[in-house]
Amino acid sequence: MTTDHVEPAVPGGECEREPDPSDSLRTFGAVVQVLREHAGLSRVQFGELVRFSKHTVESVELGRRMPDASFVERAEEALGNTGALRHSARFLTWGDAGLAAWFRQWARLERTAVSLCTYECRLIPGLLQSEGYVRALCENEIPPLSDDALEATVQVRMERQQLLRERPNTTFDFVIEEAVLMRRLGGAQVTVEQLDLILGLGLLRNVTVQVMPANSEQHACLSGPVRLLEMPDGRWRAYSEGQENGRLIAGPKEVSRIHMRYARLRSQALSPKDSMGLLMRIRGAL
């Protein structure tokens with residue numbers, strides 16, 4: 001597939017290991033650096049005192065890493081016990097953490113879109129994921145996520161799902177491969193809760209869920225997952241994602257081709273009513 005025009009996503013969805021610097025992380029890091037330099041300590045010397053590597057100290061000071069509780073406590077003791085670091089650490093936020101850096105530009109467009117279309121053949125679409133399913137996804141991340149990163153991911157993913165209810169005039173259309181729904185990621189109970197969530201969201205007037213049956217002899221989107229959205233000015237954008245990368249597609253010709261494929265796929269998938277019936281049968285078999 002050729003590329004007519006691509007607007008690159010933010011260089012860096014859906015779990016990155018270190019957040020882009022937020023204002024609170026940058027401020028906290030700057031305070032640590034000023035106090036360290038005032039104490040006449042190099043990063044190596046300070047790292048030895050707090051029992052963290054020079055790289056970790058540098059990442060915290062530049063706002064690239066969320067300091068854990070042990071770092072804050074040891075840094076506080078090493079830098080005068082003023083209470084400034086303990087107090088300010090309570091207000092640290094991850095910013096856009098929880099969504100992959102390359103996905104964030106698309107996530108921002110979702111907030112103003114008038115129509116969103118999604119086809120997935122790998123996993124349940126993010127806007128439909130239950131909390132248990134998100135946790136199972138994060139627990140399967142390689143390399144493993146820290147506890148803080150995992151919780152940040154769960155929180156941001158759950159907040160993003162509010163779009164379905166907060167934007168009742170926006171249409172959300174989903175086509176999901178039957179094989180994805182059959183996968184018991186996280187175990188039977190997580191799968192039941194996930195299917196119940198999809199069945200419930202499928203009742204919303206602005207949400208349509210269709211299943212692409214495994215026995216279908218035709219398939220318009222064999223090239224991979226598809227995301228499309230319509231902006232308030234009537235323009236369309238598409239998004240393509242792979243491992244460790246993603247791109248926002250704006251070229252009219254390429255977006256048109258993707259749009260045609262998605263439209264054909266919807267005609268090949270089960271109807272919304274039949275899809276709900278299949279979902280209930282899959283749930284009943286668990």
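A brief report on the enclosed structure follows. As the structure is a prediction and not an experimental result, all values here were calculated from the model. (Residues numbered from 1 in each chain as written. Predicted model: local features only at pLDDT ≥ 70, side-chain atom pairs only at ≥ 80, totals over all residues. Heavy atoms only, no water.)

1. Let's talk about the overall build of the chain
- In terms of regular secondary structure, the chain is built from 13 helices and 7 strands.
- Buried positions account for 47% of the 286 residues belonging to the chain. (Helix = DSSP H or I, 4+ residues; strand = E, 2+ residues; numbered from the N terminus. Buried < 20%, exposed > 50% of the residue type's maximum accessible area, 1.4 Å probe, protein only.)

2. Overview of the packing of helix H2 (residues 43–50) against helix H4 (residues 69–78)
- Contact geometry of H2 with H4 gives a least axis separation of 9 Å together with a crossing angle of 115 degrees. Classified by the angle between their axes, H2 and H4 sit roughly perpendicular to one another. Crossing handedness for the pair H2 and H4: right-handed. Mapping the contact onto sequence places Phe46, Leu49 and Val50 in H2 and Phe71, Arg74, Ala75 and Ala78 in H4.
- Looking at side-chain class alone, the contact of H2 with H4 contains 6 nonpolar, no polar and 1 charged residues. (Axes fitted to C-alpha atoms, helices over the stretch in contact; angles between N-to-C directions. Parallel < 35°, antiparallel > 145°, perpendicular 65-115°, else oblique. Left-handed = near helix turned anticlockwise from the far one by under 90°. Contact = heavy atoms within 4.5 Å. Nonpolar A, V, L, I, M, F, W, Y, C, P; charged D, E, K, R; others polar.)

3. Some thoughts on unusual backbone geometry
- Between Ile142 and the following residue, Pro143, the backbone shows a cis peptide bond with an omega angle of -5 degrees.
- Within the secondary structure, Pro143 sits in the loop between helix H7 (131–139) and helix H8 (147–160).
- Despite not being glycine, Arg51 has its phi angle at roughly 60 degrees, a positive value.
- The residue Arg51 is located in the loop between H2 and helix H3 (54–61) in this model.
- The class of Arg51 is exposed, set by a relative accessible area of 59%.

4. Quick word on the nonpolar core
- Phe103, Leu128, Phe172, Phe174, Leu181, Val209 and Leu279 are the most contacted members of the largest nonpolar core, which totals 41 residues.
- Counting only elements with at least two residues in this core, the list comes to helix H6 (104–110), H7, helix H9 (163–166), strand S3 (171–177), helix H10 (178–182), helix H11 (188–201), strand S4 (207–212) and helix H13 (272–284).
- Element by element, the count of residues in this core is highest for H11, at 5 residues.
- Dropping the residues within four chain positions of it, Phe174 is found in contact with Thr118, Pro125, Leu127, Leu128, Leu164, Val207, Thr208, Val209, Gln210 and Tyr262. (Core = buried A, V, L, I, M, F, W, Y, C linked by side-chain atoms within 4.5 Å.)

5. Details of the pattern of salt bridges
- Counted according to the given criterion, the structure contains 14 salt bridges.
- The closest approach of N and O atoms between Arg135 and Glu131, which form a salt bridge, is 3.3 Å. With a gap of 4 residues between them, Arg135 and Glu131 both fall in helix H7, about one helical turn apart.
- The class for Glu131 is partly exposed, based on a relative accessible area of 38%.
- Through salt bridges with shared partners, a single ionic network connects Arg36, Glu37, Arg43, Glu58 and Glu61. (Salt bridge = Lys/Arg side-chain N within 4 Å of Asp/Glu carboxyl O.)

6. A few points about H11
- Here H11 is 14 residues long and its end C-alpha atoms lie 20 Å apart, about the 20 Å a rise of 1.5 Å per residue gives.
- Of all the positions in H11, only Val190, Thr191, Val192, Gln194, Leu195, Ile198, Leu199 and Leu201 are classed as buried.
- Where the residues of H11 are buried, they touch H7, H9, H10, S4 and H13. (Expected span 1.5 Å × (residues − 1).)

7. Topic: the packing of aromatic side chains
- All chains considered together, the criterion is met by 4 aromatic pairs.
- Joined through ring pairs, the aromatic side chains of Phe46, Phe52 and Phe71 make up one cluster. (Phe/Tyr/Trp six-rings, centres within 6.5 Å; stacked < 30°, edge-to-face > 60°.)

8. Brief notes about the side chain of Glu110
- Summarising the element assignment, Glu110 is placed in helix H6.
- Every residue in contact with Glu110, bar those within four places of it in the chain, is listed here: Phe103, Leu116, Leu127, Arg160, Leu163, Arg167 and Leu229.

9. Digging into the environment of Ala179
- Within the fold, Ala179 resides in helix H10.
- Placed 57 residues apart in sequence, Ala179 and Arg122 show a C-alpha to C-alpha distance of 8.6 Å.

10. Considerations on H4
- Buried within H4 are the following residues: Phe71, Val72, Ala75 and Glu76. An end-on view of H4 places all buried positions within 125 degrees of arc, on one side of the element. Facing away from the buried side of H4 by over 90 degrees, the exposed positions are Ala69 and Glu77.
- Against helix H1 (23–38), H2, H3 and helix H5 (84–89) lie the buried residues of H4.
- Directly after H4, the chain includes Gly80, whose backbone phi takes a positive value near 110 degrees. (Arc of directions from axis to C-beta.)

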